[in-house]
Amino acid sequence: MRVSNPVSNAAETAPIAPAEPEGVHASVGRSDLIRIALIGVAAAMIGSRVWSAFGHPHMLGAVAVAVGGYPIFREAVRDIAHRRMTMELSMTIALVAALAISETLTALLITGFVLAAEVLEDLTVSRGRRAISRLLDFLPRHASLRSGDTLLDTPVDELRAGDRILVVPGSCIPVDGTVMDGESSVDQAALTGESRPVDVTVGDHVLAGSINRSGALDVEVERVGPDTTFGRIVEAVEHASERRAPIQKIADRLAGYLVYCAIAAAGLTFAMTRDPRATISVIIVAGACGVAAGTPLAILGAIGRAARFGAIIKGGIYLEALWSLDTVVLDKTGTLTFGDLRLKTLYPSSGASGTELLEAAAIAESRSEHPIGRAIVAHATRRGLTVREPVRFSYTPGQGVRATCSGEDILVGTSEFVTGGRFVDPLAEASGSTTVFVVRGGRFLGSLALADVPRPEAQQAIAALHALGIKTYLFTGDTPAATEHMARELAVDHFETGLLPDEKASRVRALAKRRRVAMVGDGVNDAPALMAATVGVAMGSGTDVAKESADIVLIGDDLLKFVDTLRLARRTRNTIIQNFVGTVVVDAVGIGLAAAGFLTPVMAAFIHVASELLFILNAARLVPGPARNTGP
Ligand code: ADP
Ligand code: MG
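**Points about the overall build of the chain**
In terms of regular secondary structure, the chain is built from 24 helices and 22 strands. Classification of the 632 residues of the chain by burial places 54% in the buried group. Long-range contacts, defined here as pairs at least 24 residues apart, represent 70% of the contacts in the chain between residues at least 6 apart. For the chain, the computed accessible surface area is about 26,600 Å², with 59% contributed by carbon and sulfur atoms.

**Let's talk about the sheet that holds strand E16 (residues 434-440)**
Strand order in the open sheet formed by 6 strands is E12-E17-E16-E15-E14-E13, and the pairing between neighbours is antiparallel. Looking at strand neighbours, the two that pair on one side only are strand E12 (342-348) and strand E13 (392-396), the edges of this open sheet. Geometrically, the sheet is characterised by an average inter-axis angle of 20° between neighbouring strands, direction not taken into account. Sheet contacts for helix H14 (residues 354-365): E12, E13, strand E14 (400-405), strand E15 (408-413), E16 and strand E17 (443-451); angle to E17, the most-contacted strand, approximately 80°.

**Focus on helix H15 (residues 371-382)**
In a regular helix each residue adds 1.5 Å, so 12 residues correspond to 16 Å; H15 covers 16 Å between its end C-alpha atoms and thus fits that length. Of all the positions in H15, only Pro-371, Ile-372, Gly-373, Ala-375, Ile-376, His-379 and Ala-380 are classed as buried. Looking at the buried side of H15, the elements it contacts are helix H13 (332-336), E12, H14, E15, E16 and E17.

**Considerations on the coordination of the magnesium ion (ligand 2)**
Geometry reference: four tetrahedral donors at a metal, ideal angle 109.5 degrees. Six octahedral donors, ideal angles 90 or 180 degrees. Surrounding the magnesium ion (ligand 2) are the protein donor atoms Asp-331 (OD), Thr-333 (O) and Asp-522 (OD), which sit 2.3 to 2.4 Å from the metal. Sequence positions of the donors to the magnesium ion (ligand 2) reduce to the motif D-x1-T-x188-D. With respect to class, Asp-331 is no different from Thr-333; both count as buried.

**Some details on the pattern of salt bridges**
Per the counting criterion, the structure on display carries 17 salt bridges. Glu-75 is paired through a salt bridge with Arg-78; the nearest N and O atoms lie 3.4 Å apart. With Glu-75 and Arg-78 both in helix H3 (residues 70-81), this residue pair falls 3 residues apart, about one helical turn. Glu-75 sits in the buried class, given a relative accessible area of 2%. It is possible to trace a salt-bridge network through shared partners that takes in Arg-146, Arg-164 and Asp-218.

**Structural notes on the packing of aromatic side chains**
As enumerated under the stated definition, the model contains 3 aromatic pairs in all. Ring geometry for Phe-113 versus Phe-606: centroids 5.9 Å apart, planes at 55°, classification tilted. Taken together, the residues span a long stretch of sequence, with Phe-113 in helix H5 (residues 104-133) and Phe-606 in helix H24 (residues 601-620) at a distance of 493 residues. With a relative accessible area of 22%, Phe-113 lands in the partly exposed category. Each ring, one from Phe-437 and one from Phe-444, has its centre 6.4 Å from the other, and the planes form 25°; the classification is stacked. Each member of the pair, Phe-437 as well as Phe-444, is classed as buried.

**What about unusual backbone geometry?**
A positive phi angle is found at Ser-406, which is not glycine, with a value near 45°. Here Ser-406 shows up in the loop between E14 and E15. Phi is positive for Ala-491, close to 60°, though the residue is something other than glycine. In this structure, Ala-491 sits in the loop between helix H19 (480-490) and strand E19 (494-496). Residue classification places Ala-491 among the partly exposed positions, given a relative accessible area of 41%.

**Concerning the packing of H14 against H15**
Viewed as axis vectors pointing N to C, H14 and H15 meet at an angle of 130°, and their least axial separation amounts to 9 Å. When the interaxial angle is binned, H14 and H15 end up oblique. Seen along the crossing, H14 lies across H15 with a hand that is left-handed. Contacts between H14 and H15 pair Leu-358, Ala-361, Ala-362 and Glu-365 from the former with Ile-372, Gly-373, Ile-376, Val-377, His-379 and Ala-380 from the latter. The residue inventory of the contact of H14 with H15, partitioned by class, reads 7 nonpolar, 2 polar and 1 charged.

**Observations concerning the sheet that holds strand E3 (residues 164-167)**
In spatial order, the strands read E2-E1-E3-E9-E4-E7; together these 6 strands make up an open sheet with antiparallel pairing. Bordering the open sheet on either side are strand E2 (150-155) and strand E7 (205-206), each of which pairs with just one other strand. Here strand E1 (residues 142-147) pairs with E3 via 2 bridges, running antiparallel. By the bridge assignment, Leu-145 is partnered in E3 with Ile-165.

Cut-offs used in this document
Residues numbered from 1 in each chain as written. Chains lettered and ligands numbered in written order. Predicted model: local features only at pLDDT ≥ 70, side-chain atom pairs only at ≥ 80, totals over all residues. Heavy atoms only, no water. Helix = DSSP H or I, 4+ residues; strand = E, 2+ residues; numbered from the N terminus. Buried < 20%, exposed > 50% of the residue type's maximum accessible area, 1.4 Å probe, protein only. Contact = heavy atoms within 4.5 Å. Areas by Shrake-Rupley, 256 points an atom, 1.4 Å probe, with all protein chains shown as cover. Pairing = 2+ DSSP bridges. Axes fitted to C-alpha atoms, helices over the stretch in contact; angles between N-to-C directions. Expected span 1.5 Å × (residues − 1). Donors = N, O, S within 2.8 Å, 3.2 Å for Na, K, Ca; no water. Salt bridge = Lys/Arg side-chain N within 4 Å of Asp/Glu carboxyl O. Phe/Tyr/Trp six-rings, centres within 6.5 Å; stacked < 30°, edge-to-face > 60°. Parallel < 35°, antiparallel > 145°, perpendicular 65-115°, else oblique. Left-handed = near helix turned anticlockwise from the far one by under 90°. Nonpolar A, V, L, I, M, F, W, Y, C, P; charged D, E, K, R; others polar.

Purely geometric stuff here, so don't read any function into it on its own.
Next up, the structure:
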């Protein structure tokens with residue numbers, strides 16, 4: 001029932017916590033008060049009926065309204081002090097007016113209706129909030145720490161990176177870490193919404209919040225608490241209401257104007273008809289909660305729902321940006337592909353051996369996080385080469401790496417970066433796969449071709465984006481030869497190759513001037529473009545820089561979940577617009593009928609309360625149901 005003043009209330013926090021602007025304590029007091037008042041008013045209604053048989057119902061009724069309406073009046077007084085126009089204020093005016101013309105039973109009924117509506121609204125909105133805060137209670141607080149041969153029951157916050165814990169079957173994994181012993185299947189539904197269990201064994205990564213289904217696992221702790229993927233989700237969702245969607249401000253304004261309009265219409269009605277009951281009905285009939293409380297509820301509900309299926313939206317503002325999106329730019333390696341490259345072919349130059357080539361590349365890449373680097377090092381290790389540590393190492397995103405070993409500089413990367421574009425290997429180019437070039441101590445050693453596998457859902461996701469009327473672009477730092485085939489297969493609308501990170505960002509920025517652009521990426525090289533886009537979307541398995549720079553993170557790396565998020569955003573917009581239009585129509589028709597004398601104040605109150613609840617419930621449909629994955 002809280003409707004904010006369009007002028008003075010712009011900076012107030014979202015009324016998603018409508019019951020507690022002064023903190024939890026005030027909220028408990030308020031909703032209890034409302035419930036007690038409601039019972040009191042009901043009793044008074046019966047009482048005044050009985051008493052009316054004896055002829056003097058008025059005094060008792062007035063006292064009952066004054067007492068029962070106390071929560072409403074208290075709010076109204078506070079609103080006057082803050083100089084904001086609210087529904088409580090207009091209801092207070094209506095109640096005082098009703099009492100003034102001896103419409104006691106009417107005043108009682110209205111008080112009862114308004115209180116009942118507040119109780120129901122509180123229940124709905126707090127259910128929405130609870131659905132989201134329940135996410136927090138999900139992680140276990142204790143873990144079994146291995147200390148020598150014994151297991152110590154340790155609070156999770158006291159675990160450090162490098163500790164080893166035992167996770168028994170059926171329990172929730174408390175940390176992000178690596179499996180050191182055992183095998184099992186884990187269910188990551190709480191994180192990714194994907195309920196099909198994933199098999200894990202020694203060396204695999206597990207995430208806090210997943211359920212260990214079958215075997216005991218020894219896990220080496222990597223991240224704890226707020227640093228885990230799960231912790232980030234919770235944090236993002238908790239802070240989501242701070243980055244309000246611009247539409248919330250519009251909603252607050254609209255709600256404020258509706259109250260003003262109702263009061264103006266009431267003034268006009270009284271001036272023209274001199275009918276106090278019609279005037280009161282005009283004030284009472286106009287509601288605005290479907291807009292004021294329904295909008296933030298819809299947005300928070302959608303953010304909670306997206307979190308359930310593994311899309312972390314860092315604020316309502318990004319959800320709103322998503323619903324008007326018309327362009328999606330996708331990075332290639334790690335986004336459209338798994339980024340899990342395999343070294344396919346070595347092309348040593350004449351005078352160099354394959355081993356020499358591979359060894360040099362592996363030395364330079366030994367500290368690299370890039371999928372290309374990892375593939376080269378993994379291949380060298382499989383071939384049994386011992387990879388020496390380089391002394392200096394530097395990475396130029398989108399181009400390659402440079403390292404020094406035994407006084408020699410080794411460069412691995414694009415032809416431009418390594419040889420100034422002088423060498424292009426026709427054979428490797430023709431292979432249609434990602435190619436990197438290697439120079440050691442000024443000597444060109446040859447090139448390496450790496451194959452990458454497109455994500456199986458990439459094609460379907462792109463088709464779904466097109467069906468939603470969205471244009472798709474593929475931007476990559478890779479060569480045309482390595483990109484063309486995939487771009488055609490995936491049927492993206494446009495693709496651009498050989499883009500350095502800054503160029504990716506400036507291309508995205510240029511697009512974002514004319515269109516509403518989402519950039520989806522995973523790498524260090526994508527971070528500037530993620531920030532340049534209207535909305536940045538990072539893959540959950542991507543680098544930390546990408547996830548920090550992004551506004552939305554796809555935990556499970558599933559591109560179809562991005563499409564789902566987009567659909568959810570559009571549905572949220574539709575819900576909000578339905579509530580806007582519905583409220584304005586109900587209010588306008590109601591005011592018209594009331595002014596013409598067709599509505600008694602009680603009928604007006606009923607229309608107000610019923611329509612508002614309808615709109616709140618409409619918004620509440622976006623709130624996710626109870627968590628599916630509550631563990632054993
Ligand atoms: P994408 O835009 O497809 O994600 P990147 O921008 O990360 O690709 O890389 C673009 C190109 O830069 C790669 O195709 C490769 O030639 C070169 N490159 C980037 N990082 C490395 C690296 N660590 N080692 C060798 N080459 C690299
Ligand atoms: Mg990438």
